Amino acid sequence: MFYDCSNIVNIDLSSFDTKNVTDMDCMFYNCSNLTNIDLSSFNTKNVTNMSCMFSECTNLTNIDLSYFDTKNVTNMNGMLFRCYKQINLDLSYFDTSTVTNMSYMFNECSNLKNI
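Residues numbered from 1 in each chain as written. Predicted model: local features only at pLDDT ≥ 70, side-chain atom pairs only at ≥ 80, totals over all residues. Heavy atoms only, no water.

Asks: Quick question: what am I supposed to make of the overall build of the protein chain here?
Replies: The secondary structure content of the protein chain amounts to 0 helices and 2 strands. A compact globule built from 115 residues would reach a C-alpha radius of gyration of about 13 Å, and the protein chain, at 13 Å, matches this within 12%. When its C-alpha atoms are laid out on the principal axes, the protein chain stretches across 30 × 30 × 20 Å. Residues classed as buried in the protein chain amount to 42% of the 115 residues present. Sequence-distant contacts in the protein chain: of pairs separated by 6 or more residues, those separated by 24 or more amount to 79%. For the protein chain, the computed accessible surface area is about 6,000 Å², with 44% contributed by carbon and sulfur atoms. Separation between the mean location of the 6 positive side-chain charges and that of the 12 negative ones in the protein chain comes to 3 Å. (Helix = DSSP H or I, 4+ residues; strand = E, 2+ residues; numbered from the N terminus. Rg over C-alpha atoms; globule rule 2.2 N^0.38 Å. Buried < 20%, exposed > 50% of the residue type's maximum accessible area, 1.4 Å probe, protein only. Contact = heavy atoms within 4.5 Å. Areas by Shrake-Rupley, 256 points an atom, 1.4 Å probe, with all protein chains shown as cover. Lys, Arg positive; Asp, Glu negative; His and termini not counted. Charge placed at Lys NZ, Arg CZ, Asp CG, Glu CD.)

Structural data, given as structure tokens:
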């Protein structure tokens, strides 16, 4: 959806209705100037694929994924790949019991200190 939108700095997604979405693969891939994103309105109950969702978001410093319902997700491959500036992630509500691919999920997240 926002694949390779490298000039986007802020996105207001508060009115997005995602209740029927099943695939968020590469949704924000290479949004390299994006610094903050509020996904609290996202309904991810039916999502099965979050592969590369935030991959290459190299300036993303604030993302709250605690609202994500991940019980149906099977693919998280490279989900946060090269999110260099991300320091904290709250994944305490992530249910990864059905995930079969988590390869490179946090690869090159060199500043990640707290999960």
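There is more to say, and it comes next.
Asks: What's the story with the environment of Asp64 in this structure? I'm lost.
Replies: By the secondary structure assignment, Asp64 is in the segment after β2 (62–63). Residue classification places Asp64 among the partly exposed residues on the basis of a relative accessible area of 32%. Along the chain, Asp64 and Tyr3 lie 61 residues apart, while their C-alpha atoms are 20 Å from each other. Within the structure, the side chain of Asp64 is placed 2.6 Å from the side chain of Ser66, a separation counted as a polar contact. (Polar contact = N/O pair within 3.5 Å; in protein donor to acceptor, adjacent residues only side chain to side chain.)

Asks: Explanation requested: the pattern of salt bridges in the structure shown.
Replies: Side chains that differ in charge, positive against negative, can pair when their charged atoms come close. Under the definition given, this model contains 4 salt bridges. In this structure, the salt-bridge partner of Arg82 is Glu56, at a minimum N-O distance of 2.9 Å. Within this pair, whereas Arg82 is found in the segment after β2, its partner Glu56 is found in the loop between β1 (36–37) and β2, the two being separated by 26 residues in sequence. With relative accessibility at 26%, the residue Arg82 sits in the partly exposed group. The exposure class of Glu56 is buried, given its relative accessible area of 13%. One salt-bridge network, in which partners are shared between bridges, spans Glu56, Arg82 and Glu108. (Salt bridge = Lys/Arg side-chain N within 4 Å of Asp/Glu carboxyl O.)

Asks: Got a minute to help me understand unusual backbone geometry in this structure?
Replies: As a rule of thumb, non-glycine residues mostly have phi less than zero, and peptide bonds are mostly trans rather than cis. Positive phi is not limited to glycine here, since Cys52 has a value of about 55°. Relative to the helices and strands, Cys52 resides in the loop between β1 and β2. Look at Cys52 and you get buried, because its relative accessible area is 17%. Here the phi dihedral of Arg82 falls at roughly 60°; this positive angle occurs in a residue that is not glycine.

Asks: Honestly, the nonpolar core in this entry has me stumped. Any pointers?
Replies: Soluble globular proteins tend to pack their nonpolar side chains together in the buried interior. Formed by 32 residues in total, the largest nonpolar core has its most connected members in Phe28, Leu39, Met53, Phe54, Leu65, Phe68 and Met79. Those residues in contact with Phe28, other than ones at most four positions away along the chain, are Phe2, Ile11, Leu13, Ile37, Leu39, Phe42, Met53, Phe54, Ser55 and Cys57. (Core = buried A, V, L, I, M, F, W, Y, C linked by side-chain atoms within 4.5 Å.)

Asks: Would you mind going over the environment of Asn36 with me for this structure?
Replies: Along the chain, Asn36 falls in strand β1. The spatial distance from the C-alpha of Asn36 to the C-alpha of Asp95 is 24 Å, given a sequence separation of 59 residues. Other than its neighbours up to four places away in sequence, Asn36 contacts Val9, Asn10, Leu60, Thr61 and Asn62.

Function cannot be inferred from these measures alone, as they are strictly geometric.
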